[in-house]
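Listed below, chain by chain, are the residues.
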Amino acid sequence: MSDYPKFVEFHEEGPREGFQIEKTIYPIEQRIELIDLLSETGLKYIQVGSFVSPRYVPQMQDTGELFKRIKRKDGVKYTALWLNEQGFRKAQSAHKVDMKAQLLFYASDSFSRKNNNLSALEMREKQREWARLYKQEGLPIERAYVMAAFGCNFEGNIPTERVLDDFRFILDLAKEEEIPVPDLMLADTMGWGNPESVKRLVGALRDLAPEARIGMHIHDTRGLGIANLHAALSMGVDLFDSSVAGLGGCPFAAHGSSRAAGNVCTEDAVFLCHELGIETGVDLDKLIAAARHAEAIIGAPLMGRVMHSGGLDKYR
């Protein structure tokens, strides 16, 4: 029996994750237009860019300028990603970044080394330092991610117990530091999940932390993104990262093609929720317009379906 939530919250990552994997560095004016269109859709969180090494991710080197030039809409949070203290300090000093503190864990040691140049255990211990830094800075920790939670292109299948061990660490850390338990995010970074594995892992995490809010970061790498999102919805998950037009992908995850690496598509996910009677607060037509603009920027067909077909309201 399904246990759908009444309302689902989407955090839009297209402007950051969508463009970081592209080989082309697209004009800042075009990306500003996309962010401004997304601001009008009803989405409450938009990840504008990241403060990371321009040597490794040159596509994000103008993130500070983006924050200066976007049109902010009341009620919308404009966030950024950082992976080390240098990036954190850059975000702090940039123009009006909505600082969203989160912790990052890796179920795959190989992926951790490729993405952060640290082992998974070293990265875990770093999070203890991060928790104290955020506490010192007066920033509540909103989320804790375990990445490659369903499988890894470098290490293959990931045991459930390895994933749960990271979440036990998170729960213990929250107790040690006397801070609220953050949202617990299962990240299918490389598209290994399927509906049954989603249900199993969400269920196992809920057994471990029954009072915590569970969210998902889903990639549609092998076409199961929406099926996996539906499985999560049926388990009561009400928080998702997504990308307009299905953009995205980690450039260090050994994807076969950047065009098949993207996050679950925001407009497809919103359409599914609305068809199931779940509220999102998002205007689907405005979101489709933003998706089509993203496709025009890229200059190639993108992976979203509803952006090409439209919704069903005009036929009803």
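Note that the coordinates shown come from a computational prediction; the quantities given were computed from them, not determined experimentally.

### Considerations on the pattern of salt bridges
Link 1 in the chain: Tallied over the entire structure, the rule returns 26 salt bridges.
Link 2 in the chain: Note that Lys73 is salt-bridged to Glu40, the shortest N-O span being 3.5 Å. Of this pair, Lys73 sits in the loop between helix 3 (63–69) and strand 3 (77–82) while Glu40 sits in the loop between helix 2 (28–39) and strand 2 (45–51), and the two are 33 residues apart along the sequence.
Link 3 in the chain: Residue Lys73 is classed as partly exposed on the basis of its relative accessible area, which comes to 35%.
Link 4 in the chain: Judged by its relative accessible area of 39%, Glu40 falls in the partly exposed class.
Link 5 in the chain: Here Lys100 ties to Glu142 by a salt bridge, and the two come within 3.9 Å at their closest N and O atoms. With a gap of 42 residues between them, Lys100 in the loop between helix 4 (85–93) and strand 4 (101–106) and Glu142 in strand 5 (residues 141–147) connect regions that are remote in the sequence.
Link 6 in the chain: Salt bridges sharing partners connect three or more residues here, namely Glu9, Asp183, Arg213 and Asp238.

### Quick word on the nonpolar core
Link 1 in the chain: One finds Phe10, Tyr134, Val163, Leu186, Met216, Leu229 and Phe240 to be the most contacted residues of the largest nonpolar core, which totals 99 residues.
Link 2 in the chain: Considering each element in turn, this core owes the most residues, eight residues, to helix 11 (residues 284–298).
Link 3 in the chain: When sequence neighbours within four positions are dropped, the list of residues in contact with Phe240 reads Val8, Glu9, Phe10, His11, Met216, Ile218, Leu229, Ala232 and Leu233.

### Things to note about the side chain of Ser108
Link 1 in the chain: Mapped onto the fold, Ser108 is located in the loop between strand 4 and helix 5 (109–116).
Link 2 in the chain: Ser108 gets classed as buried once you look at its relative accessible area, which sits at 0%.

### Regarding the environment of Lys77
Link 1 in the chain: Summarising the element assignment, Lys77 is placed in strand 3.
Link 2 in the chain: Look at Lys77 and you get partly exposed, because its relative accessible area is 40%.
Link 3 in the chain: Each C-alpha atom of the pair Lys77 and Ser39 lies 9.4 Å from the other, and the pair is 38 residues apart in sequence.
Link 4 in the chain: Leaving out residues up to four positions away in the same chain, Lys77 has contacts with Lys44, Tyr45, Ile46 and Asp98.

### Remarks on the sheet that holds strand 8 (residues 239–242)
Link 1 in the chain: An order of 3-2-1-8-7-6-5-4 is seen for the eight strands of this open sheet, with the pairing classed as parallel. Across the chains shown, the open sheet's two edge strands, defined by having one partner strand only, are strand 3 and strand 4. The average angle at which neighbouring strand axes cross in this sheet is 25 degrees, direction not considered.
Link 2 in the chain: As judged from the six bridges shared by strand 2 and strand 3, these two strands associate in the parallel manner. Bridging across to strand 3, Tyr45 finds its partner in Lys77.

Criteria and cut-off values
- Residues numbered from 1 in each chain as written.
- Predicted model: local features only at pLDDT ≥ 70, side-chain atom pairs only at ≥ 80, totals over all residues.
- Heavy atoms only, no water.
- Salt bridge = Lys/Arg side-chain N within 4 Å of Asp/Glu carboxyl O.
- Helix = DSSP H or I, 4+ residues; strand = E, 2+ residues; numbered from the N terminus.
- Buried < 20%, exposed > 50% of the residue type's maximum accessible area, 1.4 Å probe, protein only.
- Core = buried A, V, L, I, M, F, W, Y, C linked by side-chain atoms within 4.5 Å.
- Contact = heavy atoms within 4.5 Å.
- Pairing = 2+ DSSP bridges.
- Axes fitted to C-alpha atoms, helices over the stretch in contact; angles between N-to-C directions.

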